[in-house]
Amino acid sequence: MVVAPIRTLNHAHHRAALTGFLVITLAHWAEHLVQAYQIWVLGWARPQARGVLGQFLPWLVTSEWMHYGYALVMLAGLFLLRPAFVGRARTWWTVALVIQFWHHIEHFLLLLQAQLHTTFFGAAVPTSILQLVYPRVELHLFYNSVVFLPMVIGMYLHLRPNELELERMDCSCLTTQTQPTAVAA
């Protein structure tokens, strides 16, 4: 059973919610890509490579609350917008949700260490599990990629349903121009 506000979000306001969610995701991507550019193209030291917002508000980059908050927003968005997805789109969207759940756990570990003023794994600074193997900038570019790719595939397939999926869809993403893609035999 879907709660009424979630039902409304996944029916009458699904397309607008997906668009808003995509804008938030792309803005976050831009921050990571600018930070990568600052490090690998401009040759800035990692502590100075703070993305766009971090140049004006440096505490944002070091705030585990901000990073955890974004991970939580992504997790919530993927979870709350999932009911309207059907078929192939739902499968891809669910893959993004599962990966984001793990990404959220990693950020929770970082936040917990920052709040407890302690570190885990014998590290000098708050460290997530996969950060034991990969540097933080590279790891988060990877996480954002492996969440973003199935999310975008899910959105693409959601907006281009096949005939069977079109019959099961019931959201504002449907338009009179929606043409089903051929169903593979």
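Our structure is the block above this text.
Residues numbered from 1 in each chain as written. Predicted model: local features only at pLDDT ≥ 70, side-chain atom pairs only at ≥ 80, totals over all residues. Heavy atoms only, no water.

Undergrad: Can you tell me about the nonpolar core, naming the residues and giving the values?
TA: Residues Leu18, Phe21, Met74, Leu78, Leu81, Trp93 and Met151 are the most contacted members of the largest nonpolar core, which totals 22 residues. Leave out the neighbours within four places in its chain, and Leu78 touches Phe21, Trp93, Ala96, Leu97, Gln100, Val147 and Met151. Counting six residues, the second-largest nonpolar core is a separate cluster that includes Trp29, Ala36, Ile39 and Ala49. (Core = buried A, V, L, I, M, F, W, Y, C linked by side-chain atoms within 4.5 Å. Buried < 20%, exposed > 50% of the residue type's maximum accessible area, 1.4 Å probe, protein only. Contact = heavy atoms within 4.5 Å.)

Undergrad: Give a detailed account of the side chain of Gln38, specifying residues and quantitative values.
TA: Take Gln38: it is sitting in helix α2 (residues 14-40). In this structure the side chain of Gln38 is engaged in a polar contact, spanning 3.1 Å, whose partner is the backbone nitrogen of Arg50. With residues near it in sequence (within four places) discarded, Gln38 still touches Gly43, Trp44, Ala49, Arg50, Gly51 and Gln55. (Helix = DSSP H or I, 4+ residues; strand = E, 2+ residues; numbered from the N terminus. Polar contact = N/O pair within 3.5 Å; in protein donor to acceptor, adjacent residues only side chain to side chain.)

Undergrad: Go over α2 with me, naming the residues and quoting the values.
TA: Given a rise of 1.5 Å per residue, 27 residues ought to cover 39 Å, and the 38 Å separating the end C-alpha atoms of α2 matches this to within 8%. Every buried residue of α2 is accounted for by His14, Ala17, Leu18, Phe21, Thr25, His28, Trp29, His32, Gln35, Ala36, Gln38 and Ile39. Looking at the buried residues of α2, the elements they touch are α1 (4-9), α3 (53-56), α5 (64-80), α6 (87-116) and α7 (136-159). (Expected span 1.5 Å × (residues − 1).)

Undergrad: Provide a residue-level description of the environment of Ser145, including the pertinent values.
TA: Tracing the chain through its elements places Ser145 in helix α7. Looking at Ser145, the relative accessible area reads 31%, which means it is partly exposed. When the C-alpha positions of Ser145 and Arg168 are compared, they lie 29 Å apart, and in sequence the two are 23 residues distant. Contact partners of Ser145, with chain neighbours within four places excluded, come to Trp29 and Pro150.

Undergrad: Provide a residue-level description of the environment of Met155, including the pertinent values.
TA: Summarising the element assignment, Met155 is placed in helix α7. Under the relative-accessibility criterion, Met155 is labelled buried at 9%. Between the C-alpha atoms of Met155 and His14, which are 141 residues apart in sequence, the distance is 11 Å. Residues within four places of Met155 in sequence aside, it is in contact with Leu18, Leu22, Phe85 and Trp93.

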